[in-house]
Each structure stands twice: as C-alpha cells, then as structure tokens.
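Residues per chain are reported as follows:
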Amino acid sequence: MDNRDAVSAFLRSRRDKITPEQAGLPTYGQRRVPGLRRGEVATLAGVSVEYYTRLERGNLQGVSDSVLDTLAHALRLDDTERMYLYDLARAAGPAPRTRAPWRESRPTVRPSVARIVDGMPELPAYVMNNRLDTLAANPLGRALYSEMYADPTCGANVVRFAFFNSAARRFYTDWERMARFAVGALRIEAGKNPYDRELSNLIGELSTRSDAFRVMWGSHDVHVFRESTKRLNHPLVGELELDQETLSLPDESGLSVVVYSAPPRTAAEDGLKLLASWSATTGQEQDAHSLSNPPPRQA
C-alpha cells in the first residue's frame, strides 16, 4: 500500500494551518493560499523548494531524521503530529521484495490481563485494540457501554458506535470532541500500519456510511488516547463525569487497558455504584427494550 496520498494531504493540511504572521514571515500582495506557500515552508525548514515539493508530493522515502525534525519545527507540529510524521516516513521505506501472506491481526487478551480487568469490579474497564474494538470488558464496563453492546451492528467497536448509532450522540455529552479524537486515533494507526487490511476495511466502511466521519477523516488531524475526562449520559444513571486512563500493554500486541474512575464523594461515584448494583442484579446482557425503559432513578 502506497502512503503518498496520506503524506501529501497531511503536509498540505499542516501548511494551510499556519499564517505568515505566525511563522514570523513578511507578507506582500494578495495571497492565493490560506496558509504558508511551499517556498516559505522550504525556507523555514532550510531545504530547497524543489526538495520540499518532492516531500509534499508524498515521497518521504529516505528522508533523514534531521530533515524530519526541521520540517516538524517549520510546520509547528505538536508531539503527536511529529510522531505521526515519523510513522509516515518509516512506512514510506522500501517495500520488501516478497511479503508474507496476509493474516488477520487479532491479538488475544492474555488470561492475566483479563483477570486484571475483572479484578476491578468498582471501575468500568475494558481491553481495546488499535482499531478501537473492545475485546474484553468487566461487567461494569459492559454496563457503562450497554447501548453499544446491545447493537450487534457495532461489533463492540467504539468508532462504529459513535458514528452509526444515534444513541451515541446523547451518550457522549461532547460527541464531536470524542468523535474527532477517535478518528484521530485511527489516523495514527493508519500511519503506523498501512498494511493492516482490517484497519483499512474499517476506515472504508466508516467513510462510506458516515458523512461526518468522512469530513473528520479529511482533516488529517491525529490523536493519541491517554488520560482525559469523559462526560457521559447513561440511559440508566444519567450524567457521569469520569476520568479515563488508557494503559498500553508492554508488548507487541497493540492492546490497551482502558479504565474509568470517578473522584470520591461525587455524583459520578454514586452513579457508578448504582450502575454496578444494576449490573449485578440484572446480569451483563441487556436487550434494547430494557435499556429504553430503565427503572426510575434513585433520588
């Protein structure tokens, strides 16, 4: 798979975001581009216009780390964008003469990891892969994402739920922010793993079925899930403001453990306790009817 189009679009999108004033450059006459010209980026990066033009046409093969560093500085890339640029450059390296037959990349959740997740009964937790599939979850994690698990078309995939299920726009209080973060995370993975066919198929499916995804994907913004605060509106317990931690496993699986928690003595902590009680009473599996007709909330 050739990543020239991704390289070209990413560099252009970053160049378009920087004004000459931000870069400390003088401006003369009327400009036909929203941001910097190619020649201005070349000057800031200390390379020739011809060389930068080659880069922006998508050819990063053989580019040195020093050039990537100066280019990242000229384009004012943040740490995540810089990492993505390096991933694109690595993926642009010479392809091997022969490639092993493609196999589905579905790393399994080790029993020890599953025990860790299940051993946190008071915290929603699940294991996620690089395509944002939830491969395993404890009962409270399934209860928190009950609407996603109730929809078989989502395939327990967070991005499918966000863009294909209308309930997600209520569940995620700040839906657009979450959606952009999810799209940015897939963009990072596509830069790292251009030969991941399942990832390519997922992106193609999302692009075909969702106008909103297609627009966000075209922005070429990137994101890495780490710590954050999630504001959710659960159909049973109402609004929850939870801290999210994403812990990458120290192996080559690409799996992460995602854990939500609530500060002590808050409404969110009370909400998680109620959700845990409901989950223990009714079991992990709930159909769509029970979700749309939850019992009355406790005062």
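Here, every reference points to the structure presented above.
Below or above, wherever it landed, is the structure these notes cover. Because the structure is a prediction, the values reported are computed rather than measured.

This part is about the side chain of glutamate 56. Summarising the element assignment, glutamate 56 is placed in helix 4 (residues 49–56). Beyond its immediate sequence surroundings of up to four residues, glutamate 56 is in contact with Ser8, Leu11, Arg12, Arg15 and Arg38.

Moving on to unusual backbone geometry. Here arginine 76, not a glycine, exhibits a phi torsion of approximately 55°, which is positive. Among the secondary structure elements, arginine 76 is positioned in the loop between helix 5 (65–74) and helix 6 (79–91).

For the rest of this paragraph, the subject is the packing of aromatic side chains. On inspection of all chains with the given rule, the structure shows 12 aromatic pairs. With a centroid separation of 6.0 Å and an interplanar angle of 65°, the aromatic rings of phenylalanine 161 and phenylalanine 171 are classed as edge-to-face. Placement of phenylalanine 161 in helix 10 (residues 158–164) and of phenylalanine 171 in helix 11 (residues 168–171) is noted, with a sequence separation of 10 residues between them. For the residue pair phenylalanine 161 and phenylalanine 171, the accessibility class agrees, reading buried in each case. By the ring-pair criterion, three or more aromatic residues cluster together here, those being Tyr126, Tyr145, Phe161, Phe171, Tyr172 and Tyr260. Directly above the ring of tryptophan 217 sits arginine 187, whose terminal nitrogen or CZ lies 3.7 Å from the centroid.

Under the criterion given, the structure shown has 19 salt bridges. Residue glutamate 81 pairs with arginine 14 through a salt bridge whose shortest N-O separation is 2.8 Å. Of the two residues, glutamate 81 sits in helix 6 while arginine 14 sits in helix 1 (residues 4–16), which places them 67 residues apart along the sequence. Given a relative accessible area of 3%, arginine 14 falls into the buried group. One salt bridge connects glutamate 56 with arginine 15, and the closest N-O pair in it is separated by 2.7 Å. In this pair, glutamate 56 is assigned in helix 4 and arginine 15 in helix 1, connecting sequence segments 41 residues apart. Salt bridges linked by common partners bring Arg131, Asp133, Asp196 and Glu198 together as one network.

Another aspect to go through is the packing of helix 3 (residues 38–45) against helix 5. Running from N to C, helix 3 and helix 5 point in directions that differ by 120°, and their axes come no closer than 8 Å. In terms of their interaxial angle, helix 3 and helix 5 are classed as oblique. For the element pair helix 3 and helix 5, the recorded crossing hand is right-handed. Two secondary-structure elements touch here, helix 3 through Val41, Leu44 and Ala45 and helix 5 through Thr70, Leu71 and Ala74. Class assignment for the residues of the contact of helix 3 with helix 5 results in five nonpolar, one polar and no charged.

With that out of the way, let us pick up helix 3. The set of residues buried in helix 3 consists of Glu40, Val41, Ala42 and Ala45. The secondary structure elements touched by the buried residues of helix 3 are helix 1, helix 4 and helix 5. Just downstream of helix 3 lies glycine 46, where phi reads positive at about 75°.

This part covers the nonpolar core. One finds Phe163, Tyr172, Leu186, Phe213 and Leu242 to be the most contacted residues of the largest nonpolar core, which totals 46 residues. Among the elements that take part in this core, helix 12 (residues 175–192) stands out by supplying seven residues, more than any other. Those residues in contact with leucine 242, other than ones at most four positions away along the chain, are Leu144, Ser228, Thr229, Lys230, Leu232, Tyr260, Ser261, Ala262, Ala268 and Leu272. One finds Tyr52, Leu55, Tyr86 and Ile188 within the second-largest nonpolar core, a separate group that totals 25 residues.

Cut-offs and rules
Residues numbered from 1 in each chain as written. Predicted model: local features only at pLDDT ≥ 70, side-chain atom pairs only at ≥ 80, totals over all residues. Heavy atoms only, no water. Helix = DSSP H or I, 4+ residues; strand = E, 2+ residues; numbered from the N terminus. Contact = heavy atoms within 4.5 Å. Phe/Tyr/Trp six-rings, centres within 6.5 Å; stacked < 30°, edge-to-face > 60°. Buried < 20%, exposed > 50% of the residue type's maximum accessible area, 1.4 Å probe, protein only. Lys NZ or Arg CZ within 6 Å of the ring centre and 35° of its normal. Salt bridge = Lys/Arg side-chain N within 4 Å of Asp/Glu carboxyl O. Axes fitted to C-alpha atoms, helices over the stretch in contact; angles between N-to-C directions. Parallel < 35°, antiparallel > 145°, perpendicular 65-115°, else oblique. Left-handed = near helix turned anticlockwise from the far one by under 90°. Nonpolar A, V, L, I, M, F, W, Y, C, P; charged D, E, K, R; others polar. Core = buried A, V, L, I, M, F, W, Y, C linked by side-chain atoms within 4.5 Å.

Treat this as a map of the structure, not an account of what it does.
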